[in-house]
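Examining the three-dimensional arrangement
Below, each chain spelled out in residue letters.
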Amino acid sequence: MSESSNGHPAPVEATDVADAVVVGAGVAGLYQLYRLRALGLRTRVIEAGAGVGGTWYWNRYPGARCDVESLSYSYSFSPELEQEWTWSEKYATQPEILRYLEHVADRFDLRGGITFDTRVDSAAYDERRRRWLVATDTGERIDAQFVIMATGCLSVSKAPEIPGAESFRGPIHHTGHWPHEGVDFTGQRLGVIGTGSSGIQSIPIMARQAVDTTVFQRTPNFSMPAGNRPLPAEEVDAMKANYLAWREGQRHSGFGVPIPEPTLAAFEVSEAERNAKYQDGWDRGNLVSILAAYTDTLTDAEANDTAAEFIRSKIRSIVHDPELAETLSPRSFPVGTKRPCLDSGYYETFNKPNVHLVDLRATPLVEITERGVRTSEREYEFDAIVFATGFDAMTGALTSVDIRGVGGVSLKDRWADGPRTYLGIAVAGFPNLFTITGPTSPSVFSNMMVSIEQHVDWVTDLIAHLRDRGIPAVDATERAEQEWVAHNIEVGDGTLYPTAESWYMGSNVPGKPRVLMAYIGGVGVYRDKCDEVAANGYEGFAFVPEPNLTRA
Ligand code: NAP
């Protein structure tokens, strides 16, 4: 068996030796491989799918698009890549984003470093050797100095918590792992459960195919028109000429998208002025304009309700049946505190005579039957069912791998009361394990591209720091972790986010601890904090000395 990089023999069970194992070949995993290779590290990327792309590989449901404008949702690390790739629409479709990521994989010759169709089952830290043993479902045992979880925030899908799915005689598709060959609902009676982003994007398209569509809604969501359109060449060229400044703006913004910072509170202006501003945000067709219209939209319930009511008034103006419009109108949480949606004709779809809405608050789901779906009121018959029921977000992909740190402690147990990390990047007691856009980092409260690049760059710099100095391992201190977790909660408590039952709070998964899982302090503020930690010699981390392997 070969030697590990610290010169000591790998354990007998190891089938390979690497400097780093990266789990996942999505946006994060691809860039992490690129950076570690440039450092000269032998890196193995392990990917469960048959291709690259992560979220954009799996989420192939009709209408899947990114809600961040395409010109902002791309890597910034290569000016050549920026110049040679041309986006075709304001909001890129899933196939176009996947083509982009495949292009990146080919252009930077990354595929050879990736092992596809393979899942990482476990990763165990050997304290004595300061190294990890990573086990896969294909029987590999990789001895590695670093493990980097690039597993995504929304990659473990969840089904509705009702029995009977196996008894349904037709197909059931989950938006989060859609058949690659596509699905045609033409002539079928379709039932859709779930009205989050995936449901809201796909329902208008599926309802155009199906002969009859029934949507099961537990909580209505706020959605705004995407205003999608082809991108004219002059707009693309202008961005290509300005990318450098634009990227800098992204990195120092609140959500990873440069927009004018609000200066006024909602009630500092008249109702007419407010509504004009909301109308402008509505017409712009993006997630941030309305939410960032005023300084207190996400911190003050009354201010928030002015924006919420504006959107509800839009729903009433689109949906012809007032009762139906009211059922589609969110009233149980402040706008923005559950992930809002962008749509192309969502509310309009409910004006069609062959599209029906079932309010699960009035008549809850009971079971899936052989013929369809049963609520407390009646049974609905379908030819096909779609689950648009979301994900075990933020922590699901991390705790589903059996990760064991110092003393054999499992990450899952460590996080039994909610995720605890330092900066969302490291976990005390799990040396050399890094989580890209991990819980308590801005991650899902941002343009993921921006946050992913920032984390990958930061982790790569830390790894370079260790290797330059011959330090075998680094571990977040308990104290730094505790302070960061407390800071995350404190910042969150200053906002309305904790008032909602959302996947941001873990509320969508029964039994999951209720805690705000991402950092809402802002992308720019967070970046400054990470940079400061690095500049202060990686403050809050302990450097683990070389092992003495001659000791018994
Ligand atoms: P989601 O936002 O979690 O929505 C899941 C939906 O299913 C909700 O309406 C939920 O109702 C419902 N649901 C879940 N379990 C249920 C049950 N047992 N009974 C009845 N209803 C149930 O999931 P998603 O739509 O897949 O989106 C997840 C996230 O992925 C988004 O928030 C977004 O961050 C990301 N995403 C982004 C895009 C994009 O950029 N365009 C597209 C899709 C997804 P409750 O609200 O009552 O829980």
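Here's a quick rundown of the structure. The shown structure was predicted, so the numbers you read here are calculated from the model rather than taken from an experiment.

Note on placement: Glu481 falls in helix α15 (residues 478-493). Judged by relative accessible area, Glu481 falls into the buried class, the value being 1%. One polar contact links Glu481 to Arg414, side chain to side chain, over a distance of 2.8 Å. Ignoring anything within four residues of it in the chain, the contact list for Glu481 reads Arg414, Arg420, Thr421, Tyr422, Ala426, Val427 and Ala428.

This paragraph deals with the environment of Gly182. Residue placement: Gly182 occurs in the loop between β7 (172-174) and β8 (189-193). Classification of Gly182 by relative accessible area gives partly exposed; the value is 38%. Between the alpha carbons of Gly182 and Pro62 there is a distance of 8.1 Å; along the sequence they are 120 residues apart.

Strand order in the open sheet formed by five strands is β7-β16-β8-β9-β12, and the pairing between neighbours is parallel. Pairing within the sheet leaves two strands with one partner each, and these edge strands are β7 and β12 (355-359). Across this sheet, the average inter-strand angle for adjacent strands is 20°, counted without regard to direction. With five bridges joining them, strand β9 (residues 212-217) and β12 adopt parallel strand pairing. Across the sheet, the residue bridging to Phe216 is Val358, located in β12.

The terminal C-alpha atoms of helix α4 (residues 94-107), which comprises 14 residues, lie 20 Å apart, in line with the 20 Å expected from a rise of 1.5 Å per residue. Looking at α4, one finds that the buried residues are Gln94, Glu96, Ile97, Leu98, Tyr100, Leu101, Val104 and Ala105. Those residues of α4 hidden inside the fold are in contact with α1 (27-38), α2 (55-58), α3 (79-84) and α14 (448-468). Positioned one or two residues after α4, Asp109 has a phi angle of 55°, which is positive.

What follows deals with the pairing of strand β16 (residues 384-387). Neither face of β16 is exposed, since Ala384 and Val386 on one face and Ile385 and Phe387 on the opposite face are all buried. As paired strands, β8 and β16 are joined by four bridges and run parallel to one another. Across the sheet, the residue bridging to Val192 is Val386, located in β16.

Reading across the sheet, the three strands line up as β13-β14-β15 and stay open at both edges, with antiparallel pairing between neighbours. The open sheet terminates on both sides in strands that have one partner only, identified here as β13 (365-368) and β15 (379-381). Looking at each pair of strands side by side, their axes are set apart by 20° on average, direction ignored. For strand β14 (residues 372-375) and β15, the ladder comprises three bridges, and the chain directions are antiparallel. Directly across from Val373, in β15, lies its bridge partner Tyr380.

So, how was this worked out
- Residues numbered from 1 in each chain as written.
- Predicted model: local features only at pLDDT ≥ 70, side-chain atom pairs only at ≥ 80, totals over all residues.
- Heavy atoms only, no water.
- Helix = DSSP H or I, 4+ residues; strand = E, 2+ residues; numbered from the N terminus.
- Buried < 20%, exposed > 50% of the residue type's maximum accessible area, 1.4 Å probe, protein only.
- Polar contact = N/O pair within 3.5 Å; in protein donor to acceptor, adjacent residues only side chain to side chain.
- Contact = heavy atoms within 4.5 Å.
- Pairing = 2+ DSSP bridges.
- Axes fitted to C-alpha atoms, helices over the stretch in contact; angles between N-to-C directions.
- Expected span 1.5 Å × (residues − 1).

The quantities given are spatial measurements derived from coordinates; they are silent on function.
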